[in-house]
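Listed here are the chains, written in short residue letters.
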Amino acid sequence: GAVVSQHPSRVICKSGTSVKIECRSLDFQATTMFWYRQFPKQSLMLMATSNEGSKATYEQGVEKDKFLINHASLTLSTLTVTSAHPEDSSFYICSARDPSRYGYTFGSGTRLTVV
Amino acid sequence: DAKTTQPTSMDCAEGRAANLPCNHSTISGNEYVYWYRQIHSQGPQYIIHGLKNNETNEMASLIITEDRKSSTLILPHATLRDTAVYYCIVRVESAGKSTFGDGTTLTVKP
């Protein structure tokens, strides 16, 4: 079935550094991918829509200069958290749609901890 | 996307049917009802979706009321592994992004 691979699954970084999270569609091409953030005991919040070959679309309140999204190929989108701070610690999840299947497929998520 | 309302939590005995309700009274005619679930510390998983007819697949059944203002997800024989947060989402099929509400935490007990 459709698989979306997310890497790394966990990352700990120091405050002020940048962290890159990869999201790959393994057996299908995705012109659009979505990035969500989830804080403990809360629901998923959409951060941005990643578009292959063009700029990402950010949701209101999400800083595009802080959360850099690159969708350079039909199977890879990356989210870079720049100058990370402890408040950026969260569970980041990507999703994409395999046109041959119903619904959206989500990655397994990346647990980011900024210390 | 239409707003959805779900109970915060539910318990279910193992082997019994789990019936998870969702209200979506402002649903539009071209909006589908989607159900996803999220097991702890994992990404959400698609379960089922429907427009107005009842649907069934290998995971669950979806019952949508005639006026489409509410629906029920049915897990016919719940197992411990079905313990998760279940999200009901309403959106047009062609829409990309999904708006997640708070969901229902289903706990299946032995």
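Each residue is numbered by its place in its chain's sequence as written, counting from 1. For this description, chains carry letters from A and ligands carry numbers from 1, given in the order in which they are written. The predicted origin of the model limits local features to residues at a pLDDT of at least 70 and limits the giving and counting of side-chain atom pairs to 80 or more, whereas totals for whole chains, interfaces and linings rest on all residues. To get the side-chain values, all heavy atoms of the structure are used, and hydrogens and water are removed first.

Caption draft 1: Here's a closer look at the layout of surface pockets. There is about 760 Å³ of room inside the largest pocket. For the largest pocket, the lining is made up of 34 residues, of which Gln38 and Gln42 of chain A together with Val85, Tyr87 and Asp102 of chain B are closest to its centre. When residues are sorted by character, Ala, Val, Leu, Ile, Met, Phe, Trp, Tyr, Cys and Pro go into the nonpolar class, Asp, Glu, Lys and Arg into the charged class, and all the rest, Gly among them, into the polar class. In terms of residue class, the lining of the largest pocket is made up of 13 nonpolar, 16 polar and five charged. Its boundaries defined by the atoms lining it, the second largest pocket holds a volume of some 450 Å³. Considering the residues around the second largest pocket, the lining is formed by 20 residues, among which Arg101 and Tyr102 of chain A together with Tyr46, Ile47 and Met59 of chain B are closest to the centre. Per element, the largest residue contribution to the lining of the second largest pocket is five residues, and it comes from strand β4 (residues 45-50) of chain B. The class makeup of the residues in the lining of the second largest pocket is ten nonpolar, six polar and four charged. We place a 1 Å grid over just the protein atoms. Points where a 1.4 Å probe fits but has no way out form a cavity, open points with protein on both sides within 12 Å along at least 5 of 7 lines form a pocket, and any residue with an atom within 4 Å of a point lines it. Grid points are joined across faces, edges and corners, and a volume is the space filled by probe spheres set on the points. Comment: elements are numbered from the N terminus, with helices defined as DSSP H or I runs of at least four residues and strands as E runs of at least two.

Caption draft 2: Just the packing of aromatic side chains, in detail. Pairing of aromatic side chains here covers Phe, Tyr and the six-membered ring of Trp, requires ring centres within 6.5 Å, and sorts the geometry by plane angle: under 30 degrees stacked, over 60 edge-to-face, intermediate tilted. Overall, the coordinates contain twelve aromatic pairs over all chains when judged by the stated rule. Three or more aromatic residues link up through ring pairs in this structure, and these residues are Tyr36 and Phe106 of chain A together with Tyr32, Tyr34, Tyr36, Tyr46, Tyr87 and Phe100 of chain B. Charge over a ring is defined by NZ of Lys or CZ of Arg lying within 6 Å of the ring centre and within 35 degrees of the ring normal. Looking at lysine 66 of chain A, its charged tip hangs above the ring of phenylalanine 67 of chain A, at a distance of 6.0 Å from the centre. Positioned above the aromatic ring of tyrosine 34 of chain B, the side-chain terminus of arginine 91 of chain B is 4.3 Å from the ring centre.

Caption draft 3: Here's a closer look at the interface of chain A and chain B. Any pair of residues with heavy atoms lying within 4.5 Å of one another is described as a contacting pair. Opposite the 17 residues of chain A that make contact, chain B presents 18 residues. The term salt bridge refers to a side-chain nitrogen of Lys or Arg lying within 4 Å of a carboxyl oxygen of Asp or Glu. Between the two partners, chain A and chain B, sit zero salt bridges. Identification of polar contacts relies on pairs of N or O atoms within 3.5 Å, with a donor-acceptor requirement for protein atoms, meaning one able to donate a hydrogen and the other able to accept it, and with residues adjacent in sequence counted only if both atoms are side-chain atoms. Our count for the contact surface shared by chain A and chain B stands at five residue pairs in polar contact (both at pLDDT 80 or more). Of all the secondary-structure elements, those providing two or more residues to the side of chain A that touches chain B are β4 (32-38) and β9 (90-96) of chain A. In terms of residue count, the dominant contributor to the side of chain A that touches chain B is β4 of chain A (three residues). Of the residues in the side of chain A that touches chain B, the class split is nine nonpolar, six polar and two charged.

Caption draft 4: Examining unusual backbone geometry more closely. Going from histidine 7 of chain A to proline 8 of chain A, the amide bond is cis rather than trans, its omega being 0 degrees. Looking at the secondary structure, you find proline 8 of chain A in the loop between β1 (4-7) and β2 (10-13). For lysine 41 of chain A, which is not glycine, the phi dihedral falls at a positive 60 degrees. Summarising the element assignment, lysine 41 of chain A is placed in the loop between β4 and β5 (45-51). Despite not being glycine, arginine 68 of chain B has its phi angle at roughly 65 degrees, a positive value.

Caption draft 5: Inspection of the sheet that holds strand β7 (residues 70-75) of chain B at higher detail. Residues and elements named next belong to chain B. In this analysis, strands are considered paired if DSSP registers two or more bridges between them. Strand order in the open sheet formed by four strands is β2-β7-β6-β5, and the pairing between neighbours is antiparallel. The sheet is open, and its two edges are formed by β2 (18-23) and β5 (55-56), each paired on a single side. Alignment of β5 against strand β6 (residues 61-64), held across two bridges, turns out to be antiparallel. Bridged to glutamate 55 within β6 is leucine 62.

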